[in-house]
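One letter stands for each residue in the lines below.
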Amino acid sequence: MIVDEISKFIINLDYDGIPETAIEKAKICFLDFLGVTNRGFLENSVQIALKSIEEIFSFNITLNNSNNTDNIGNIIYSDNSTNIDNSININNINNNNNTNSINNKKSSIIGDGYSNISISGFINGISAHTLELDDGHRFAQIHPGSVVFPTAIAISEANNIDGKKFLEAVVCGYEVAIVLGMLANPQHRNQGFHTSGTVGTFAAGAVVAKLLDLDLEKTINTLGLCGTQSSGLLESDHKGTMGKHLHIGNAVYSGILSGFLAKNGFTGGRIYY
């Protein structure tokens, strides 16, 4: 199946085997992405997304009788089996001696600040697409950079991944985006789907799988989970709504989620292409 072949490509792609012209092109695309995304951050759709994220996540979650202390965000643990208040706000824990803590894994929001991997990727994806100036591939009918770079930045920055590995994953994401986009289109687009949202999810997943060094089975599961989450209707574009920007942020978010779920043993389907 094609998902198996793509997964093998993701695993086997090596920086030293990538043509220098492709590496230079990736660097140029990265500079273009940074400029467009930095300015895109100021647009209404991004600011609304930021406000909405703040409203959703600015509360504490209480988990009862939990022994798991390696979690992300504003989480309070309490033990209802005693009368003693054992609530712990994880954000107040000093993690200086634990550099591998998930709480230390932060990534930049281009334009201002930082957040966790998934939220920074989500916001950067929206910022990259909101001006409609992100790079595109005519025959694949997709904007690969707006999906690939936010994903690669989020994972690489949070995990201190070096530049070579970053570029290796970027090229990997572009290749997957373009190959799948060309396979799906023009029929896919003609049926009303926004390729950057649908196929873009697979590209984001490919980047995550590459950067996390997932094995073949977990890479296949990553793409399978991407497939069941991929979405995006061109109706959002035809009506001139912000929904089109959301497609990119969602593709990045879903790709990241799929990769980490697969990394930890979550399984996904195979037959999407």
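Predicted model only: the values in this text are computed from it and were never measured.

Moving on, we come to the overall build of the chain. Scanning the chain from terminus to terminus reveals 11 helices and 5 strands. When the 273 residues of the chain are sorted by exposure, 47% land in the buried category. In the chain, of all internal contacts separated by at least 6 residues, the share reaching a separation of at least 24 is 73%. Of the roughly 13600 Å² that the chain leaves accessible, carbon and sulfur atoms contribute 53%.

At their nearest, the axes of helix α1 (residues 2–12) and helix α8 (residues 195–211) sit 9 Å apart, and the two run at 45 degrees to each other. With respect to α8, the axis of α1 lies oblique. Both α1 and α8 take part in a crossing whose hand is right-handed. Here Ile10, Ile11 and Asn12 of α1 lie close against α8, whose contacting residues are Ala206, Ala209 and Lys210. Here the contact of α1 with α8 is built from residues that sort into 4 nonpolar, 1 polar and 1 charged.

Moving on, we get to the environment of Ser107. Structurally, the position occupied by Ser107 is in strand β4 (residues 106–108). Distance from Ser107 to Ile117, taken between C-alpha atoms, is 5.7 Å for residues 10 residues apart in sequence. For Ser107, the contacting residues outside a window of four places in its chain are Tyr114, Ser115, Ser120, Ile153, Ala154 and Glu157. Polar side-chain contacts of Ser107 include one of 3.5 Å to the side chain of Ser120. Looking at Ser107, its side chain comes within polar contact range of the side chain of Glu157, at 3.3 Å.

Attention shifts here to the confidence of the model for the chain. Per-residue pLDDT for the chain averages 85, and the proportion of residues at 70 or more is 82%. Note that pLDDT drops below 50 for residues 65–101; the model gives that stretch 56 contacts with residues more than four away or on any other chain.

For the structure shown, the criterion picks out 7 salt bridges. Two residues, Lys165 and Asp213, come together in a salt bridge whose shortest N-O distance is 2.9 Å. Highlighted residues: Lys165 in helix α6 (residues 163–184) and Asp213 in the loop between α8 and α9 (216–229), separated in sequence by 48 residues. The exposure class of Asp213 is exposed, given its relative accessible area of 57%. Here Lys210 and Glu168 are joined by a salt bridge, their closest N and O atoms 4.0 Å apart. Of this pair, Lys210 sits in helix α8 while Glu168 sits in helix α6; the two residues are 42 residues apart in sequence, bridging distant segments of the chain. In this pair, the class of Lys210 matches that of Glu168, namely buried. Within the structure, one salt-bridge network assembled from shared partners comprises Lys165, Glu168, Lys210 and Asp213.

When you line up the elements, Asn44 lands in helix α3 (residues 44–57). Measuring from C-alpha to C-alpha, the distance between Asn44 and Met242 comes to 9.0 Å, with 198 residues separating the pair along the chain.

The first and last C-alpha atoms of helix α2 (residues 20–40) sit 30 Å apart over 21 residues, in line with the 30 Å expected at 1.5 Å per residue. Those residues of α2 lying buried are Ile23, Ala26, Cys29, Phe33, Val36, Thr37 and Gly40. In an axial view of α2, the angular spread of the buried residues amounts to 145 degrees, which keeps them on one side of the axis. Those residues of α2 that are exposed and aimed more than 90 degrees away from the buried face are Thr21, Ile28 and Leu31. Looking at the buried positions of α2, the neighbouring elements they touch are α3, α4 (117–129), α5 (145–158) and α6.

Thresholds, definitions, all that
- Counting starts from 1 at the beginning of each chain's written sequence and moves along it residue by residue.
- Where local features are concerned, this predicted model is filtered to residues with pLDDT of at least 70; where side-chain atom pairs are given and counted, the filter is 80 or more; whole-chain, interface and lining totals use all residues.
- Hydrogens and waters are ignored; side-chain quantities use all the structure's heavy atoms.
- Numbering goes from the N terminus for both helices and strands, where a helix is a DSSP run of H or I of at least four residues and a strand is a run of E of at least two.
- Each residue gets one of three labels from its accessible area relative to the maximum for its type: buried under 20%, exposed over 50%, partly exposed in between, using a 1.4 Å probe on protein chains only.
- Here, two residues are considered to be in contact whenever any of their heavy atoms come within 4.5 Å of each other.
- Computed with a 1.4 Å probe, the accessible areas rest on the Shrake-Rupley method; for each residue, only the protein chains presented here act as cover.
- Angles run from 0 to 180 degrees between N-to-C directions of axes, and those axes are lines fitted to C-alpha atoms, restricted for helices to the stretch in contact.
- Here roughly perpendicular refers to angles of 65 to 115 degrees, roughly parallel to angles under 35, roughly antiparallel to angles over 145, and oblique to all remaining angles.
- Note: crossing handedness is left-handed where the near helix turns anticlockwise from the far helix by less than a right angle, and right-handed where it turns clockwise.
- Under this grouping Gly is polar, as are all residues other than the nonpolar Ala, Val, Leu, Ile, Met, Phe, Trp, Tyr, Cys and Pro and the charged Asp, Glu, Lys and Arg.
- Any N or O atom pair separated by 3.5 Å or less is treated as a polar contact, with the protein-specific requirement of one donor-capable and one acceptor-capable atom, and with residues adjacent in sequence counted only for side-chain atom pairs.
- Confidence scores labelled pLDDT are given residue by residue by the predictor and lie between 0 and 100.
- Salt bridges are defined as contacts in which a side-chain nitrogen from Lys or Arg sits within 4 Å of a carboxyl oxygen from Asp or Glu.
- Working rule for helices: expected span equals 1.5 Å times residues minus one.
- When we speak of the arc, we mean the arc of directions from the helix axis to the C-beta atoms.

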